[in-house]
Amino acid sequence: MDYSTPERRVDYLDRLVDGLIDREGGYVDDPADAGGATRFGITERVARAHGYDGPMALLPRAEARAIYRRLYWLRPRFDAVAAVAPGVAAELFDTGANMGPGVASTFLQRALTALNRQGRDYADLVPDGRIGRKTLAALEAFLSLRGEEGETVLLRALEALQGERYLRLAEKRPANETFLYGWLANRLGDRA
């Protein structure tokens, strides 16, 4: 995953967004889905909040790409994470698109805090769901201490948190059991 030049950054993000859109598929309006109608994984509420006023079934792919770029990559600062750890950023992007960027960011903060050896490696983080200077510094410190193997462990921790949340969602709302298998099959694992 080369994220070293502006052109490669654009190409990297384009591949992430296109992969996500392909996994999400086209128009879906499943009555069991509390999120309502979606196209390319974009909910109607999100599309409307960002100016799209046409039928959801006709949401253009280009509009979905722009929404993902703006709301699920740039706004939560996953681009800054990608400058340090592109694989972690890819995981956060995918999780954020499915659960909300704040949830994905909180997962990162919780995992980094749990992996800091009781504050010996870097300070605990407040899990506020916002990627800022302290979160990025903790990520850099963790990776500088743990290296490539540490990134693999961090990714496992992020996926464990995501998987546990899916199970809780299904336990809390039985209608979500309809989606649990697909969430676990399609949302966890290597996507970068």
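Preceding block: the structure.
Everything in this summary refers to the structure shown in the same document. (Residues numbered from 1 in each chain as written. Predicted model: local features only at pLDDT ≥ 70, side-chain atom pairs only at ≥ 80, totals over all residues. Heavy atoms only, no water.)

Scanning the chain from N- to C-terminus turns up 8 helices and 3 strands. Along the chain direction, N to C, the helices and strands of the chain fall in the order α-β-β-β-α-α-α-α-α-α-α. Counting only C-alpha atoms, the chain reaches 50 × 40 × 25 Å along its principal axes. Here the chain holds 192 residues, and the buried ones make up 44% of them. (Helix = DSSP H or I, 4+ residues; strand = E, 2+ residues; numbered from the N terminus. Buried < 20%, exposed > 50% of the residue type's maximum accessible area, 1.4 Å probe, protein only.)

Attention now goes to helix α7 (residues 133-172). Between its first and last C-alpha atoms α7 spans 35 Å; for 40 residues at 1.5 Å apiece the expected length is 58 Å, and the helix comes up short by more than 12%. Taken as a whole, α7 carries its principal kink of about 120 degrees at G147. (Expected span 1.5 Å × (residues − 1). Bend = angle between axes of the 7 residues up to and from the residue.)

Now for the nonpolar core. Side chains of a nonpolar character, in soluble globular proteins, are inclined to be buried together. Of all hydrophobic cores here, the largest spans 55 residues; its most connected members are Y68, W73, V81, F93, L108, L112 and L154. For this core, the element with the highest residue contribution is α7, accounting for 11 residues. The contacts of L112, once residues within four sequence positions are left out, are Y122, L125, T135, A138, L139, F142 and L154. (Core = buried A, V, L, I, M, F, W, Y, C linked by side-chain atoms within 4.5 Å. Contact = heavy atoms within 4.5 Å.)

Compared with the 27 Å implied by 1.5 Å per residue over 19 residues, the 27 Å span of helix α1 (residues 6-24) between its first and last C-alpha is a close match. Taken together, the buried positions of α1 are Y12, L13, L16, V17, L20 and I21. The buried side chains of α1 occupy one side of the element, clustering within an arc of 165 degrees when seen end-on. Those residues of α1 that are exposed and aimed more than 90 degrees away from the buried face are E7 and D22. Where α1 is buried, its residues contact α3 (61-74), α5 (86-99) and α8 (177-187). Two residues or fewer after α1 comes G25, characterised by a positive phi angle close to 80 degrees. (Arc of directions from axis to C-beta.)

Purely spatial values, then, with no claim about function.
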